Amino acid sequence: MVRVVSTDRGENGLGLNYFQIVWSVLVFFLNASNETIIAMKNAYLKFAVLTVIALCSLMCSKQKDLTIADFNTGSYGDWKTEGNAFGKSPSSGVLPVNIAAEHFASDQMASSYQWGDSSMGKLISPEFDIARRYINFQIGGSRMPDKTCINLIVEGKLEFSATGVNDNVIRTNQLEWVSWDVSRLKGKKAMIEVVDMDSTRKDAFISVDNIYQGDKNKEDETYIYNQERRFTINDRYLNIPVKQGAYPQLMRVSANGNTVMEFVVELAESTPDYWMFLDVNEFKGKEIKVTIYKMIRESTGLKSMIVDSTVKGFENLYQEKNRPLFHFTSRRGWHNDPNGLVFYEGTYHMFYQHNPLGWPWGNMTWGHAISTDLVHWKELAPALYPDSLGTMFSGSAVVDWNNTAQYQQGIDKTLVALYTAAGGTSSWSAGKPFTQCMAYSTDKGLTWIKYNQNPVLPHVMAENRDPKVVWDESGRQWIMALYLDKNMYALYSSADLKTWREIQRINLDNVAECPDFFQIALDGNDARKKWVLTGANGHFMAGTFDGKQFKPETKSTPSEWGKNYYAVQSFSDMKDGRRIQVGWMAGSEFRGMPFNQQMSFPRELTLKTTQDGIRLFAVPAREIVLLHGDKKSWQETVIKPGNNILDPFQDDLYHIIAEFSADRSAAQQFGFNIHGFHILYNNKTGTIKAVRPTDNAVSEVKVKPKQGRIRMEILLDKTSVEIFINDGEVPMAFYYIADEANKKLALVSEGGEVKLNSLDIFELKSAW
Ligand code: FRU
């Protein structure tokens with residue numbers, strides 16, 4: 001039930017008895033005449049008057065809070081609903097799972113969340129008297145003034161309005177206190193309306209709870225603003241306590257009075273889930289100031305930050321329960337797309353979309369890792385941090401062999417990166433569009449300088465992004481492929497990496513984001529090279545490019561059939577002629593870990609003519625052999641149903657290469673059961689089917705046997721299965737965390753025997 005309580009002065013239980021005593025003593029003195037008693041009487045009178053004044057003010061300030069609504073009784077009571085945004089009754093337990101229970105002041109609230117993005121409507125209170133100084137309430141949801149808001153209407157006039165804080169920058173489902181100072185409206189009649197009039201935006205909602213009148217400002221009591229701490233940097237890491245689901249705070253780092261970094265961080269208010277870090281090496285010997293825009297007063301988040309030579313929890317680094325052991329993950333925080341993949345002087349550089357301070361996506365920064373063999377990676381300090389133009393979205397890097405950008409200093413070539421500054425995705429870049437920017441490195445990719453006249457390509461349309469640059473030798477020019485919008489891409493050309501001219505627009509069906517554009521030999525024949533344009537999900541078109549126009553000779557064609565492979569990009573400037581691609585294994589999730597997401601194992605791409613046309617093939621980069629441990633092999637073995645020769649294999653990491661006779665086989669289906677994950681070839685349907693048991697995700701693809709054989713190559717890590725059928729004709733990447741109780745490998749033959757021509761199983765070592 002919703003209560004609207006009226007003023008109830010004088011019910012203060014403290015007051016009455018005390019008054020009775022003071023009154024009886026007063027009556028006694030008024031009747032007295034003796035001189036001493038008269039003196040006592042005067043003193044007492046003074047005391048009594050003061051007491052009465054003190055008591056009155058105490059009573060006035062002790063007025064009870066008046067509940068307007070706490071939505072805790074299962075119904076909206078005498079509040080009225082209009083439309084369908086708030087359902088028929090208050091919500092409970094319907095908000096997304098990542099909210100910690102302690103963040104709900106109560107178990108029910110008025111919310112438009114559970115009724116979907118398209119629902120619209122209002123929730124309107126009965127009329128009440130404004131009888132206290134403040135109206136306090138908790139609110140969460142979208143920052144959409146007039147659309148998702150709570151309004152105070154007094155005598156028909158809108159006096160106050162508030163929204164949640166969710167926008168492009170902050171995303172939270174938590175409620176926070178807001179207080180309106182309504183003292184000037186005291187005594188007037190008012191009503192409150194909670195509004196969700198947005199049906200378009202995804203995740204547009206409002207939640208409201210615990211509305212009451214009181215004489216105290218709950219918002220000021222709860223939060224403090226702009227708290228600062230100064231740190232003298234004498235070590236590498238600023239340790240920052242983080243709790244998943246904690247209220248996302250704006251954290252600003254400044255040096256010499258200038259903002260140098262700004263992030264949103266789920267700062268732990270007390271005990272953290274884990275410690276994230278900022279690599280503050282570049283400020284060694286200097287002072288930095290950290291400002292937290294808003295914190296609850298009791299929060300120890302800022303107080304407990306510490307500069308140290310290590311990161312709390314690193315004693316357990318790479319030993320974490322669900323840490324992949326040969327797939328790249330960031331030591332801490334989120335990552336998505338591989339960016340700026342480039343090879344220079346024996347070193348592979350992999351930059352990546354990174355949230356250095358959080359488990360979820362956000363604060364896009366270019367993380368940086370290097371390797372000399374594509375297998376062992378060393379993480380360096382991030383290369384590009386968000387700035388006033390935006391957070392750092394995806395892009396690419398090249399070696400400027402001919403010094404076209406004119407930054408070369410010594411003999412080392414300059415590395416140049418093109419990236420998207422995603423304006424409007426941080427409060428620092430509010431109101432700005434997505435533009436393409438440039439940065440360069442004159443120290444072999446170790447440190448990066450942003451071009452001082454960024455952007456190099458102004459906003460074209462929508463959220464245009466993800467520039468991929470390639471040198472076109474025949475045209476002696478740089479070409480940039482850029483994602484524009486929907487499934488539209490564009491090509492630009494440049495002589496110096498700074499001035500870009502659009503040359504073509506291209507539609508790539510069934511794809512968006514992250515283009516890659518490169519030349520590759522068809523069927524291994526260097527005299528027959530093709531240009532290939534790929535999009536984020538690996539779909540490609542192959543064709544010719546004359547320096548002015550790309551002419552596709554194929555339709556947009558898939559090149560990957562798993563459930564977790566996205567934002568693909570290939571290395572630039574490889575010296576050995578290989579085209580090595582890495583994908584983000586999107587859809588992975590590492591709950592409880594201090595990191596989140598994983599990269600695919602690097603793949604070597606080839607372009608081949610098949611009976612079905614030109615196809616992009618992918619196999620694991622040959623460097624996987626660097627991790628090979630013990631090997632077991634079988635030749636010419638017949639597998640009978642139920643006869644599992646792989647019983648002894650109970651580890652987490654394997655590289656499996658098997659070749660089965662498909663056409664002579666009597667078996668209906670054959671293949672593997674790997675920790676519960678099925679990879680089966682069906683002789684009757686001619687399809688390969690991968691089934692992930694944790695969510696029953698299925699990928700099924702037609703594959704023709706080659707010379708009567710089906711070849712399966714499998715990479716098994718702790719958190720993934722990558723499958724390559726028939727020398728990479730059908731690659732499939734899957735995120736997969738097996739049940740602890742099911743760490744078995746089995747060769748499967750159903751409905752008959754199958755002949756195994758050969759099988760090699762390598763144990764794999766951890767790359768860390
Ligand atoms: C692809 C993508 C890119 C964008 C980046 C942002 O996963 O959406 O288009 O640049 O991620 O992190």
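Note that the coordinates shown come from a computational prediction; the quantities given were computed from them, not determined experimentally.

Parameters and conventions
- Residues numbered from 1 in each chain as written.
- Predicted model: local features only at pLDDT ≥ 70, side-chain atom pairs only at ≥ 80, totals over all residues.
- Heavy atoms only, no water.
- Helix = DSSP H or I, 4+ residues; strand = E, 2+ residues; numbered from the N terminus.
- Contact = heavy atoms within 4.5 Å.
- Areas by Shrake-Rupley, 256 points an atom, 1.4 Å probe, with all protein chains shown as cover.
- Lys, Arg positive; Asp, Glu negative; His and termini not counted.
- Charge placed at Lys NZ, Arg CZ, Asp CG, Glu CD.
- Buried < 20%, exposed > 50% of the residue type's maximum accessible area, 1.4 Å probe, protein only.
- Polar contact = N/O pair within 3.5 Å; in protein donor to acceptor, adjacent residues only side chain to side chain.
- Near = heavy atom within 4 Å.
- Nonpolar A, V, L, I, M, F, W, Y, C, P; charged D, E, K, R; others polar.
- Phe/Tyr/Trp six-rings, centres within 6.5 Å; stacked < 30°, edge-to-face > 60°.
- Pairing = 2+ DSSP bridges.
- Axes fitted to C-alpha atoms, helices over the stretch in contact; angles between N-to-C directions.
- Salt bridge = Lys/Arg side-chain N within 4 Å of Asp/Glu carboxyl O.
- Core = buried A, V, L, I, M, F, W, Y, C linked by side-chain atoms within 4.5 Å.
- pLDDT = per-residue confidence, 0-100.

A.B. asks: Go over the overall build of the chain with me, naming the residues and quoting the values.
C.D. replies: What the chain contains, in helices and strands, is 3 helices and 50 strands. Look at the contacts in the chain between residues 6 or more apart in sequence, and 67% of them connect residues 24 or more apart. Of the roughly 32300 Å² that the chain leaves accessible, carbon and sulfur atoms contribute 50%. Each charge sign in the chain was given a centre, from 83 positive and 89 negative side chains, and these centres are 1 Å apart.

A.B. asks: Tell me what's going on with the environment of Ser572, and back it up with residues and numbers.
C.D. replies: In this fold, Ser572 is placed in the loop between β35 (566-570) and β36 (579-584). For Ser572, a relative accessible area of 10% puts it in the buried group. A sequence separation of 228 residues divides Ser572 from Tyr344, and the C-alpha atoms of the two residues are 9.0 Å apart. Not counting residues up to four positions away in its chain, the partners in contact with Ser572 are Leu341, Val342, Phe343, Ala397 and Val398. In terms of polar contacts, Ser572 uses its side chain to reach the side chain of Asp573, at 2.7 Å.

A.B. asks: Which residues make up the site of the ligand, and what are the values?
C.D. replies: Around the ligand lies a shell of 13 residues, among which Asp337, Gln353, Arg465, Asp466 and Glu513 are the nearest. Taking Trp361, its side chain carries an N or O atom lying 3.0 Å from an oxygen atom of the ligand. Taken by itself the ligand offers 320 Å² of open surface, and the protein chains cover 92% of this. Classifying every residue of the shell around the ligand by side-chain character gives 6 nonpolar, 3 polar and 4 charged.

A.B. asks: Account for the packing of aromatic side chains, naming residues and giving values.
C.D. replies: Counting across every chain of the model gives 41 aromatic pairs. Seen in terms of ring centroids, Phe351 and Trp366 are 5.5 Å apart; in terms of plane orientation they differ by 40 degrees. Their pairing is tilted. Placement of the pair is Phe351 in strand β20 (residues 347-355) and Trp366 in strand β21 (residues 365-371), with a sequence separation of 15 residues. Neither residue differs from the other here; Phe351 and Trp366 are each classed as buried. Considering the side-chain rings of Phe517 and Phe545, the 5.3 Å spacing of their centres and the 80 degrees angle between planes classify their relative orientation as edge-to-face. On the criterion of sequence distance, the pair formed by Phe517 in strand β31 (residues 516-522) and Phe545 in strand β33 (residues 540-545) is long-range, its members being 28 residues apart. Judged by relative accessible area, which is 8%, Phe545 ranks as buried.

A.B. asks: Pulling in residues and values, what's your account of the pairing of strand β7 (residues 148-154)?
C.D. replies: Burial within β7 is extensive, with 7 of its 7 residues counted as buried. What you see with β7 is no split at all: Thr148, Ile150, Leu152 and Val154 on one side and Cys149, Asn151 and Ile153 on the other are buried throughout. Two elements, β7 and strand β8 (residues 157-162), share 5 bridges in a ladder whose sense is antiparallel. Bridged to Leu152 within β8 is Phe160. Where β7 folds back onto β8 in an antiparallel hairpin, the turn is made up of 2 residues, including Glu155, whose phi is positive at roughly 45 degrees.

A.B. asks: Explain the sheet that holds strand β13 (residues 237-242) to me, and be specific about the residues and the numbers.
C.D. replies: Strand order across the open sheet formed by 3 strands is β16-β13-β18, with antiparallel pairing between neighbours. Edge positions in the sheet fall to β16 (274-279) and β18 (306-308), since each of these pairs with one other strand and no more. Put simply, the sheet's adjacent strands are angled 40 degrees from each other on average, direction ignored. For β13 and β18, the ladder comprises 3 bridges, and the chain directions are antiparallel. Note on β18: the bridge partner recorded for Tyr237 is Asp308.

A.B. asks: Can you explain the side chain of Gln669? Please cite residues and give values.
C.D. replies: Mapped onto the secondary structure, Gln669 falls in strand β42 (residues 669-674). Excluding residues that lie within four positions of it along the chain, Gln669 makes contacts with Leu680, Tyr681, Asn682, Val748, Ser749 and Glu750.

A.B. asks: An account of the side chain of Asp573 is requested, with residue identities and associated values reported.
C.D. replies: With respect to the secondary-structure elements, Asp573 resides in the loop between β35 and β36. Despite its burial, Asp573 pairs with no opposite charge, the nearest such side chain being Lys575 at 5.7 Å. In this structure Asp573 touches Val342, Phe343, Val398, Val399 and Trp401, once residues within four positions along its chain are discounted.

A.B. asks: Which residues make up the nonpolar core, and what are the values?
C.D. replies: Core analysis: the biggest nonpolar cluster contains 38 residues, and Phe672, Ile688, Met712 and Leu759 have the highest contact counts within it. With residues up to four places along the chain from it excluded, the contact list for Leu759 reads Lys632, Ser633, Trp634, Ile645, Leu646, Ile656, Ile657, Ala658, Phe672 and Leu747. If you look at the next biggest cluster of nonpolar residues, it comprises 36 residues, including Trp334, Met364, Phe571 and Val582.

A.B. asks: Describe the pattern of salt bridges, with residues and values.
C.D. replies: A side chain of one charge can pair with a side chain of the opposite charge when the charged atoms of the two come close. Using the criterion set out here, one finds 41 salt bridges in the structure. The salt bridge partner of Arg709 is Glu659, with a shortest N-O separation of 2.7 Å. Taken together, the positions of Arg709 in strand β46 (residues 709-717) and Glu659 in strand β41 (residues 654-661) put the pair 50 residues apart, joining distant regions of the chain. On the basis of relative accessible area, Arg709 is assigned to the partly exposed category, the value being 33%.

A.B. asks: Account for the confidence of the model for the chain, naming residues and giving values.
C.D. replies: Overall, the predicted model of the chain reaches an average pLDDT of 91, with 91% of residues at or above 70. Note that residues 1-16 has pLDDT below 50 and, in this model, 33 contacts with residues that lie over four places away or in other chains. The low-confidence segment residues 96-105 (pLDDT under 50) makes 16 contacts with residues lying over four places distant or belonging to another chain.

A.B. asks: Please set out the sheet that holds β42 residue by residue, giving values where relevant.
C.D. replies: One open sheet accounts for 5 strands, arranged β45-β44-β43-β42-β49; its pairing is antiparallel. One side of each edge strand has no neighbouring strand; the edge strands of this open sheet are β45 (697-702) and β49 (745-750). Sheet twist, expressed as the average angle between the axes of neighbouring strands with direction ignored, equals 15 degrees. Note: strand β43 (residues 677-682) against strand β44 (residues 687-692), 5 bridges, orientation antiparallel. Bridging from a neighbouring strand, Ile679 pairs with Ala690 of β44.

A.B. asks: Quick rundown of unusual backbone geometry? Include the residues and the values.
C.D. replies: Here the residue pair Asn454 and Pro455 is connected by a cis peptide bond, since its omega of 0 degrees sits within 30 degrees of zero. Summarising the element assignment, Pro455 is placed in the loop between β26 (449-450) and β27 (465-472). Positioned with a positive phi, Ala462 is a non-glycine residue whose angle comes to about 40 degrees. Assignment of secondary structure puts Ala462 in the loop between β26 and β27. Residue Ala462 is classed as partly exposed on the basis of its relative accessible area, which comes to 37%.

A.B. asks: Requested: an account of the environment of Asn258, with residues and values cited.
C.D. replies: Relative to the elements of secondary structure, Asn258 occurs in strand β15 (residues 258-266). With 392 residues separating them along the chain, Asn258 and Gln650 place their C-alpha atoms 55 Å apart.

A.B. asks: Residues and numbers for the pairing of β36, please.
C.D. replies: Of all 6 residues making up β36, 6 are buried, and the element is well covered by its neighbours. Of the two faces of β36, the one holding Arg579, Gln581 and Gly583 and the one holding Ile580, Val582 and Trp584 are both buried throughout. Both β35 and β36 contribute to a ladder of 3 bridges, which runs antiparallel. Counted as the bridge partner of Ser570 is Gln581 from β36. With 3 bridges joining them, β36 and strand β38 (residues 603-610) adopt antiparallel strand pairing. Note that in β38 the partner of Ile580 across the bridge is Glu604.

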